[in-house]
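Each chain is listed here by its residues.
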Amino acid sequence: MFTTKSCRHGRGLFATKNIAEGTSILEITGKKITQADVDKRSYKEAANALQIDEELYIDFEEPGVLVNHSCNPNAGIKEDVFLIAIKDIAPNEEITWDYSTSVDTGWTMPCHCEEKNCRKLVKDFASLPKKVQKKYLELGIVLRYITKEFQ
Ligand SMILES: [Zn+2]
């Protein structure tokens, strides 16, 4: 369904065939680690940990860790572990999700996704425009520990 290859953001995940909206693309796997473990890491490595609770992270393994951020994503994380297509994805299209759907800390990342709605700086979920928060919550692609706070 997908392959990994080099792209402008290092490596990324790309569709190898049409992926219909709603399709589960992959299941996120990795060791559980704590906030303290993440705090010990370099900025770049910290980005490879998926926050799943206030003090808990999944240390993203490949291929999940290779999925890049976009401010106009075509996928999102459901039930904390499934990367799901939120629109139809064409072959060779890069698969992306919005990292803000998993962040409630002060972590930030500059963004160069070049989408029209690019926020330039990826921040926590609370910082998203209300309209975007609502869309992601309705799609069910916000990490559960954040969803709880916004219902
Ligand atoms: Zn962007």
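All of the points below concern the structure found in this document. (Residues numbered from 1 in each chain as written. Predicted model: local features only at pLDDT ≥ 70, side-chain atom pairs only at ≥ 80, totals over all residues. Heavy atoms only, no water.)

Examining the pattern of salt bridges
Per the counting criterion, the structure on display carries 6 salt bridges. Measuring nitrogen to oxygen at the nearest pair gives 3.8 Å for the salt bridge that ties Asp-37 to Lys-40. The exposure class of Lys-40 is exposed, given its relative accessible area of 69%. Salt-bridge contacts for Arg-119 lead to Asp-98; the nearest nitrogen and oxygen are separated by 2.9 Å. In this pair, Arg-119 sits in the loop between strand 11 (109-110) and strand 12 (121-122) while Asp-98 sits in the loop between strand 10 (94-97) and strand 11, placing the two residues 21 residues apart along the sequence. What makes Asp-98 buried here is its relative accessible area of 2%. (Salt bridge = Lys/Arg side-chain N within 4 Å of Asp/Glu carboxyl O. Buried < 20%, exposed > 50% of the residue type's maximum accessible area, 1.4 Å probe, protein only. Helix = DSSP H or I, 4+ residues; strand = E, 2+ residues; numbered from the N terminus.)

A closer look at the sheet that holds strand 4 (residues 30-34)
Strand order in this open sheet of 3 strands is 4-6-5, and the pairing throughout is antiparallel. Single-partner strands in this sheet number two, and they are strand 4 and strand 5 (49-51). Adjacent strand axes in the sheet meet at a mean angle of 35°, parallel and antiparallel pairs treated alike. The pairing of strand 5 with strand 6 (residues 56-60) spans 3 bridges and is classified as antiparallel. Bridging across to strand 6, Gln-51 finds its partner in Tyr-57. (Pairing = 2+ DSSP bridges. Axes fitted to C-alpha atoms, helices over the stretch in contact; angles between N-to-C directions.)

Don't take any of this as a statement about function, it's just geometry.
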